[in-house]
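Working through the structure, step by step
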Amino acid sequence: MTTLAPAPPGTGGHPRRSRGAPAPAVRSLLRGLPTVPAVVLLAVFLAGPIAYCVYYAFTDMQLTGAAGTHFVGVDNFTRAFKDTDFLNAMWLTLLFVVGSAVIGQNTLGLALAVLMQKATQPVRALVNGVVIAAWVLPEVVAGYLMYAFFYDQGSLNSLLDAVHLPDQNWLYTMPILAVCLANVWRGTAFSLMVFTAAINDVPQELVEAAEMDGAGPWQRLWRVVLPVIRPSILTNLMLITLQTLSVFGLIYTMTRGGPGNKSETLPIFMYQQAFQNSLIGYGTAIALVLLVVGALFSVVYIRLLKLEDD
Amino acid sequence: MRSRIVTAAAFTAATALAATGCGSGSSGSSAKSIKVVYWQNLDSTNKLQANFLASMVKEFTKANPGTKVTLVPVTASENDYYTKLQLMMRSPATAPDLVYEDTALINSDIAGGYLKPLDTYTAKWADWSQYAKAAKGAVTGASDGKTYAVPDDTDTRGIWYNKQLLQKAGIAVPWQPKTWADVIAAAKKIKAKLPGVTPLNLYTGQAGGEASSMQGFEMLLYGTPAGDKSLYDASQKKWVVGSQGFKDALDFVHTLYSQGLGPAKEQALGANFGTAVGTELIPEGKLAIDIDGSWMPNNWSSAAAKPWTEWQSVMGTAAMPTQNGQAPGSTSMSGGWAWSIPAKAKNPDLAWKFLSTTLQTKTNAAKWNATNANIAVRTDVASDPTYLNSVPTNKFFTELVADTHYRPGLPEYNQVSTAIQKAMESVTTGQASVDKAASTFDNDVKAAVGDDKTAEGTS
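Residues numbered from 1 in each chain as written. Chains lettered and ligands numbered in written order. Predicted model: local features only at pLDDT ≥ 70, side-chain atom pairs only at ≥ 80, totals over all residues. Heavy atoms only, no water.

Looking at the overall build of chain B
Looking only at helices and strands, one finds 20 helices and 15 strands in chain B. Relative to the globule expectation of 23 Å for 459 residues, the C-alpha radius of gyration of chain B, 24 Å, shows essentially globular dimensions. Counting only C-alpha atoms, chain B reaches 80 × 55 × 50 Å along its principal axes. By the burial criterion, 56% of the 459 residues in chain B qualify as buried. At a minimum sequence separation of 6, the contacts of chain B that also span at least 24 residues come to 75%. Taken as a whole, chain B presents about 18000 Å² of accessible surface, with 55% of it coming from carbon and sulfur. (Helix = DSSP H or I, 4+ residues; strand = E, 2+ residues; numbered from the N terminus. Rg over C-alpha atoms; globule rule 2.2 N^0.38 Å. Buried < 20%, exposed > 50% of the residue type's maximum accessible area, 1.4 Å probe, protein only. Contact = heavy atoms within 4.5 Å. Areas by Shrake-Rupley, 256 points an atom, 1.4 Å probe, with all protein chains shown as cover.)

Here's what the structure looks like:
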């Protein structure tokens, strides 16, 4: 981060080389010096643990029950892909990410951002407040609130009762839908903020020109605004995808992955293997798979962004 | 600007180093202090153990001036408590000096190299001869025969029933079912006569953790004709798969939940259902029959979460029958908790001193068994009137010890237990048929312990 700081004018930041100043190579080395503590800290506290994790994924390390740890090659990975619970978790994770992030948060965030352009100030403040409140809450608190909302005798069913609609046992009959909705509720604020900023940056002349050419509101959105903010959409998609992939607290508080394994996404499955079955090696292997899934999504988005730039 | 950033970076580095340095410094505690870890269950109003331990610390520090005993309660569900404990014991920087754990975990923690053998201490401790043989067996290493813990209680399990509700449903009390069919028949009667009352609770599913495996499934499984060999065959050293007994026990669970004889599924599968049973459903008369442990009165004592003195006249107890009433007629499961010294403890000698001269003297052991309504493991305490009279049901549950079973104290048990919970949950929810769930269990066990360590059950 320190290297990004702009050099204030007149303090040697200009590329003018005075007599007796060090050679460029040495000088850039000297300039890099302040970053050394940060690099060391990152290496020790970030790269170190990650390297360890990668190593553990290829061992049979256990939390308890075995004193020794042996290198087992790719056994953990072959075991995972033969494990029906793992495949189930993989499928639910994709469902959760596509349903709650790519479709839910992204679309709802965009829709709110567009609608709020024309809204009056009080309405805007109110909507912003409500949406952002969900974002500000700690994940576990949000999870608990959603549990209270969805569970058998929760507020949603009370509402349904009040209007004489049949009760639904959300957390029991369709837990994955319930956690998806909860994640949409919790995460939409982020998309809303990204899109509001992006739409505000759309040059007003462009929109006005389109209006002059007779484009209706729908066409203006579809043909002018959306193409201009496309990079923001892709960046937003990438960020919320990565964030949703690692959602743990929300699901754990609401359903613990159950009933059965009907809402057991990869992070929950990983936790259960590592800490309830004490299989640290297997758990870390699943964490690596999760990392790869995230990387794949990112690659797709980055390629789309690149195409945009070309 | 730049110099400020440098300063900031240097400061960050310095504080980070200071913090880590500080961490290792303070963990190297003086020879006069120990750290004692125990489980504070999620029901935070239950302070029985916290209060008892606090009084023990007071007694110990008074007798040994200058020493310091730090109590570290871990507030978590039971499974999470063990995880936390194991993570603490793993590293010398965080290892406590004395830990409290279920005897079922002792063997996997021995295999993990977390515990210190205590033979040199117990050899010089006169009180050790007072401990029951079975209890000593539960804290002995399966591989090396050494002692790794001092047990402080045991427990048995049976049937609790609400006499008033049973009478209303037309069932004569005292009630003692002879077979599983009798239990189901009674539940059906209650369902027919008393709407709004849950007829029968048997813990199930993954959220219940060991309560599902032990109070729930194994109370059935060990009552099948295979008895002690229904889960693990000690003579062959093999885990049993594919047995009819296992399917029968699963079928019982399935009957219970599919016919609406048990609690609502979503309620039974909730994480804190055990607490609800003891503090709400039973005292409020909403549950007629509960297959549960000897410690239930803990919930109702005057110091507990839900003081309920009427329980002594309202609640009855019965032994859990075997499947078809075959000998010995009844079955029970036992476990119990014990104190261990981690291998990486910094101050094992002082921890032992606290354990042997304060926590586990005859007087204090009796006090603890009476306070916590559990079954004594010391013969001198078992005959102590303070203990015997402390809870009216102590005598009944102490007698169940005759036909009780201990879980296979092996490192793999934990994974087998999870597999049992999974199988139960899938038949409870109806996600899988009994046969499907049983075969999933077989595969899970084979994956966990290895094919060569399993054997097909004969009955």
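Things to note about the overall build of chain A
Scanning chain A from N- to C-terminus turns up 15 helices and 0 strands. For 310 residues, the compact-globule estimate of 2.2 N^0.38 gives 19 Å, and chain A exceeds it by more than 25% at 25 Å. For chain A, contacts bridging at least 24 residues in sequence account for 69% of all contacts bridging at least 6. Roughly 17100 Å² of accessible area belongs to chain A as shown, and the carbon and sulfur atoms make up 70% of that amount.

Quick notes on the sheet that holds strand 10 (residues 315-318) of chain B
Residues and elements named next belong to chain B. The strand order 6-9-5-10 describes an open sheet built from 4 strands, whose pairing is mixed. Sheet topology places strand 6 (198-201) and strand 10 at the edges, where each strand pairs with a single neighbour. Neighbour-to-neighbour, the strand axes of the sheet open up by a mean angle of 20°, direction not taken into account. Bridging between strand 5 (residues 157-162) and strand 10 involves 4 bridges; their strand directions are antiparallel. Its bridge partner being in strand 10, Asn162 is matched across the sheet by Met315. (Pairing = 2+ DSSP bridges. Axes fitted to C-alpha atoms, helices over the stretch in contact; angles between N-to-C directions.)

Some remarks on the nonpolar core
Residues and elements named next belong to chain B. In terms of nonpolar packing, the biggest core is built from 84 residues, with Ile190, Phe217, Leu231, Trp239, Leu250, Ile289 and Phe441 touching the most fellow members. Setting aside residues up to four positions removed in sequence, Leu231 forms contacts with Glu218, Leu221, Tyr222, Trp239, Val240, Pro408, Tyr413, Val416, Ile420 and Phe441. Of all hydrophobic cores here, the second largest spans 50 residues; its members include Leu98, Tyr100, Ala135 and Leu350. (Core = buried A, V, L, I, M, F, W, Y, C linked by side-chain atoms within 4.5 Å.)

Examining helix 3 (residues 75-82) of chain A
Each full turn of the α-helix corresponds to 3.6 residues, which orients residues three or four apart in the same direction. The complete set of buried residues in helix 3 of chain A reads Asn76(A), Phe77(A) and Ala80(A). The arc enclosing the buried residues of helix 3 of chain A, seen along the axis, measures out at 95°, which places them on a common side. (Arc of directions from axis to C-beta.)

Thoughts on the side chain of Glu412(B)
Relative to the assigned elements, Glu412(B) resides in the loop between strand 14 (404-406) and helix 19 (413-429). Each residue touching Glu412(B), except ones within four places of it in the same chain, is listed here: Trp239(B), Val449(B) and Lys453(B).

Overview of the sheet that holds strand 12 (residues 330-334) of chain B
All names here are of chain B. An order of 11-12-14 is seen for the 3 strands of this open sheet, with the pairing classed as mixed. Every other strand in the sheet has two partners, leaving strand 11 (320-321) and strand 14 as the edge strands with one partner each. Sitting on the sheet, helix 9 (residues 210-221) is in contact with strand 11 and strand 12, with an inclination near 145° to strand 12.

Concerning the packing of helix 2 (residues 48-63) of chain B against helix 14 (residues 348-359) of chain B
Geometrically, a packed helix pair is captured by the angle between its two axes and the distance between the axes. All names here are of chain B. One way to put it is that helix 2 packs onto helix 14 with a least axis distance of 10 Å and a crossing angle of 105°. Between helix 2 and helix 14, the interaxial angle falls into the category roughly perpendicular. Of the residues in helix 14, those touching helix 2 at Phe52, Leu53, Met56, Val57, Glu59 and Phe60 are Leu350, Lys353, Phe354, Thr357, Thr358 and Leu359. In terms of residue class, the contact of helix 2 with helix 14 is built from 8 nonpolar, 2 polar and 2 charged. (Parallel < 35°, antiparallel > 145°, perpendicular 65-115°, else oblique. Nonpolar A, V, L, I, M, F, W, Y, C, P; charged D, E, K, R; others polar.)

With respect to the pairing of strand 12 of chain B
Residue and element names in this part refer to chain B. A large share of strand 12 lies buried, amounting to 5 of its 5 residues. Both faces of strand 12 are covered, namely the face carrying Ser330, Ser332 and Ser334 and the face carrying Thr331 and Met333. Pairing analysis gives 2 bridges linking strand 11 to strand 12, with the strands arranged antiparallel. From the neighbouring strand, Pro321 faces strand 12, where its bridge partner is Ser330. Of the pairings in the sheet, the one linking strand 12 to strand 14 comprises 3 bridges and is parallel in character. Opposite Met333, over in strand 14, you have His405 as the bridge partner.

Points about the packing of helix 4 (residues 84-117) of chain A against helix 9 (residues 175-200) of chain A
Residues and elements named next belong to chain A. Between helix 4 and helix 9, whose axes approach to 6 Å, the crossing angle comes to 40°. With respect to helix 9, the axis of helix 4 lies oblique. Between helix 4 and helix 9 lies a crossing of right-handed hand. A class-by-class count of the residues in the contact of helix 4 with helix 9 yields 16 nonpolar, 12 polar and no charged. (Left-handed = near helix turned anticlockwise from the far one by under 90°.)

Concerning the interface of chain B and chain A
Taken together, the contact between chain B and chain A spans 36 residues of the former and 34 residues of the latter. Of the roughly 2700 Å² buried where chain B meets chain A, counting both sides, 54% is carbon and sulfur surface. Of all residues in chain B, Glu266(B), Gln415(B) and Gln431(B) give up the largest surface area on contact with chain A, accounting jointly for 18% of the area buried on that side. There are 1 salt bridge connecting chain B and chain A. Taking the shortest distance from any N to any O, the salt bridge between Asp85(A) and Lys422(B) comes out at 2.4 Å. Scanning the region where chain B abuts chain A turns up 10 residue pairs in polar contact (both at pLDDT 80 or more). Among the elements of the structure, helix 1 (2-27), helix 3 (78-90), helix 4 (103-111), helix 11 (265-268) and helix 19 of chain B are those that each provide at least two residues to the side of chain B that touches chain A. In terms of residue count, helix 1 of chain B provides more of the side of chain B that touches chain A than any other element does, 8 residues in total. When grouped by side-chain class, the residues that make up the side of chain B that touches chain A number 12 nonpolar, 16 polar and 8 charged. (Buried area = accessible area lost by both parts, 1.4 Å probe. Salt bridge = Lys/Arg side-chain N within 4 Å of Asp/Glu carboxyl O. Polar contact = N/O pair within 3.5 Å; in protein donor to acceptor, adjacent residues only side chain to side chain.)

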